Amino acid sequence: MRLMGTEELRCLEVINLCGGEKLGYPCELEIDLECARVISLKVIPPSRSFSLWGEKEEYIIPWCKIECIGEDAILVRLSESELCSCARGKCKKKHK
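1. Quick look at the overall build of the chain
When helices and strands are tallied, the chain shows two helices and seven strands. Counted from the first residue to the last, the chain has its helices and strands arranged as α-β-β-β-β-β-β-α-β. Taking contacts inside the chain between residues at least 6 apart in sequence as the whole, the part at least 24 apart equals 38%. In the structure as shown, the chain presents an accessible area of about 6,700 Å², 53% of it carried by carbon and sulfur atoms.

In structure tokens form, the structure reads like this:
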């Protein structure tokens, strides 16, 4: 078993398996303290873009969408619509 601290976790790039996009880097975990379980992972794009209203763009990725946490990257599986629903700030993709 290999343990990983939060500082190491923040250095892993988050990649979406559905489109191959590099989403950014983790910055925060949301934890349900009553159940002692991780709910989601907040990811900030490397460009740290800002939306029209001055808010940082970020993704709130449900823990169930994380496929694998490896030594070099975190792999997630999000469809285009799921990715847009996870986006806080301006969604870059258009729905068809």
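2. Here we look at the confidence of the model for the chain
With 81% of its residues at a pLDDT of 70 or more, the chain shows a mean pLDDT of 86. Mean pLDDT in the chain bottoms out at strand S7 (residues 87-88), which sits at 83, and peaks at strand S6 (residues 73-76), which reaches 98.

3. Overview of the environment of Ala73
Structurally, the position occupied by Ala73 is in strand S6. In this structure the C-alpha to C-alpha distance between Ala73 and Cys11, which are 62 residues apart in sequence, comes to 8.4 Å. Excluding residues within four positions of it along the chain, Ala73 makes contact with Leu12, Glu13, Ile15 and Cys68.

4. A short note on unusual backbone geometry
Excluding glycine, residues mostly carry a negative phi; peptide bonds, for their part, are mostly trans. A positive phi angle, near 55 degrees, is found at Ala36, a position not held by glycine. By the secondary structure assignment, Ala36 is in the loop between strand S2 (22-32) and strand S3 (37-44). On the basis of relative accessible area, Ala36 is assigned to the exposed category, the value being 68%.

5. So, the pairing of S2
With two bridges connecting them, strand S1 (residues 13-16) and S2 associate as antiparallel partners. Paired with Val14 across the bridge in S2 is Gly24. Between S1 and S2, which pair antiparallel in sequence order, lie five residues; one of them, Gly20, sits at a positive phi of approximately 80 degrees. Taken together, the seven bridges between S2 and S3 define a ladder with antiparallel strand orientation. Bridging from a neighbouring strand, Leu29 pairs with Leu41 of S3.

About the cut-offs
Residues numbered from 1 in each chain as written. Predicted model: local features only at pLDDT ≥ 70, side-chain atom pairs only at ≥ 80, totals over all residues. Heavy atoms only, no water. Helix = DSSP H or I, 4+ residues; strand = E, 2+ residues; numbered from the N terminus. Contact = heavy atoms within 4.5 Å. Areas by Shrake-Rupley, 256 points an atom, 1.4 Å probe, with all protein chains shown as cover. pLDDT = per-residue confidence, 0-100. Buried < 20%, exposed > 50% of the residue type's maximum accessible area, 1.4 Å probe, protein only. Pairing = 2+ DSSP bridges.

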